[in-house]
Amino acid sequence: MSLLRPDISAMQGYVPGYQPPDIASWIKLNTNENPYPPSPAVREAILAEVGSDGASLRTYPSASSQALREAAAELYGFDPSWIIMANGSDEVLNNLIRACASQGQEVGYVHPSYSYYSTLAEIQGAVVCIYGLNDQYRIEAFPEYYSGRIFFLTSPNSPLGFAFPIDYIEELATSCGGMLVVDEAYADFADSNALDLVRKYDNVVITRTLSKSYSLAGMRLGLAIARPEIISALDKIRDHYNLDRLAQAACVAALKDQAYFRDCCRRIRETREWFSNELRSIGYDVIPSQGNFVFAAPPDLNGRRVYDGLYGKKILVRHFSDPLLSHGLRITIGTRPEMESTMAALREIG
Ligand SMILES: *Cc1c(COP(=O)(O)O)cnc(C)c1O
């Protein structure tokens, strides 16, 4: 394969969570999707955008996604010049690396967290540095002055579910010589977020996604919040028509229906607390979660055994073979009836 870059030929590639073809016959708790449909206003907005004959699809969408930036800016309390919209937050994570790290420069992140950062950095030819966690869920040996180009902090963490305290993230921001990207994919399910730090520190960027809390994983919508200089750079890098017309219509409708959004998040948080307590009552070790999932370990610390047992009952959860994670499972919070079925299955599996 001499036509390819040798590093691209050699790289593994990211393996996303399994999407079974017969999705309706599973209780699907493996990729942190939202069990509730998006706001009814989303469907209406998509249908209105398509119109009676689909003629709107003939022309390119807005290149700037300006209406979306304005809706997000109003929601989060920023000027629209501080917001960029993305085709999933994955797109903006990629473009942050392209904007900050040249070939051979350092990209850092915490393990365990979202290993896709590593894949994106490899494609860029950057050097990936992995930092571990200590028993208190703080970064092991984070340097007094971080001299890499960019550091990704997933908070709340996935797959473990804990969130870093804001004053700790602030400490990291002050000792970070590069960009500190706080990946807040799960912040809508958490008690706090780092939005204030974007205003306060010029090296802090926050990424968000509509995939989880807004039930729109299938539309591919994410965003970043950062200083206008950073946003301008990201605007140069992205595909000029990165969001299609239907995604743009869906996004504005979803962000504007805050009552529906808040109700979904509240139900998921309530179910999360109920499910965590049920798991503890059968001897599972459950990390208190700030996301829409829990990381839980059975008493025999054999995550794979329980994964297989659930799989046999058509309940799909996430098991990671990594030695730091193989003792447990990451289980997405579904509807209350789905989690009741899951509990019944876990009791049977033992
Ligand atoms: C789901 C997830 C993403 C990706 O979000 P998309 O908007 O669907 O691309 C990014 N980071 C973390 C930590 C996630 O869990």
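Residues numbered from 1 in each chain as written. Predicted model: local features only at pLDDT ≥ 70, side-chain atom pairs only at ≥ 80, totals over all residues. Heavy atoms only, no water.

(A) Broad picture of the environment of Arg149. Relative to the helices and strands, Arg149 is located in the loop between strand E4 (127-131) and strand E5 (150-154). Judged by its relative accessible area of 39%, Arg149 falls in the partly exposed class. In sequence terms Arg149 and Asp90 are 59 residues apart; their C-alpha atoms lie 18 Å from each other. With residues near it in sequence (within four places) discarded, Arg149 still touches Cys100, Ala101, Gln105, Glu106, Gly178 and Met179. Side-chain polar atoms of Arg149 contact the backbone oxygen of Cys100, separated by 2.8 Å. (Helix = DSSP H or I, 4+ residues; strand = E, 2+ residues; numbered from the N terminus. Buried < 20%, exposed > 50% of the residue type's maximum accessible area, 1.4 Å probe, protein only. Contact = heavy atoms within 4.5 Å. Polar contact = N/O pair within 3.5 Å; in protein donor to acceptor, adjacent residues only side chain to side chain.)

(B) Molecular detail of the pairing of E4. For strand E3 (residues 106-110) and E4, the ladder comprises 5 bridges, and the chain directions are parallel. Among the inter-strand pairings, Glu106 is bridged to a residue of E4, identified as Val127. (Pairing = 2+ DSSP bridges.)

(C) Summary view of the nonpolar core. Within the largest apolar cluster, 87 residues are counted, with the highest numbers of intra-cluster contacts made by Ile139, Phe151, Leu153, Leu180, Leu210, Phe275 and Leu279. Taken domain by domain, the makeup of this core includes at least three residues from each of domain 1 (6-30 + 259-349) and domain 2 (40-257). Ignoring sequence-local partners within four residues, the contact set of Phe151 consists of Gly108, Tyr109, Val110, Tyr131, Ile139, Phe142, Tyr146, Cys176, Met179, Leu180 and Val181. (Core = buried A, V, L, I, M, F, W, Y, C linked by side-chain atoms within 4.5 Å. Domains from an automatic or database assignment.)

(D) Focus on the pattern of salt bridges. Under the counting rule described, the total for this entry stands at 22 salt bridges. Arg266 serves as the salt-bridge partner of Asp263, at 2.4 Å between the closest nitrogen and oxygen. Taken together, the residues span about one helical turn, with Asp263 and Arg266 both in helix H10 (residues 258-281) at a distance of 3 residues. Its relative accessible area of 29% is what places Asp263 among the partly exposed residues. Among the residues examined, Arg266 registers a relative accessible area of 39% and is labelled partly exposed. (Salt bridge = Lys/Arg side-chain N within 4 Å of Asp/Glu carboxyl O.)

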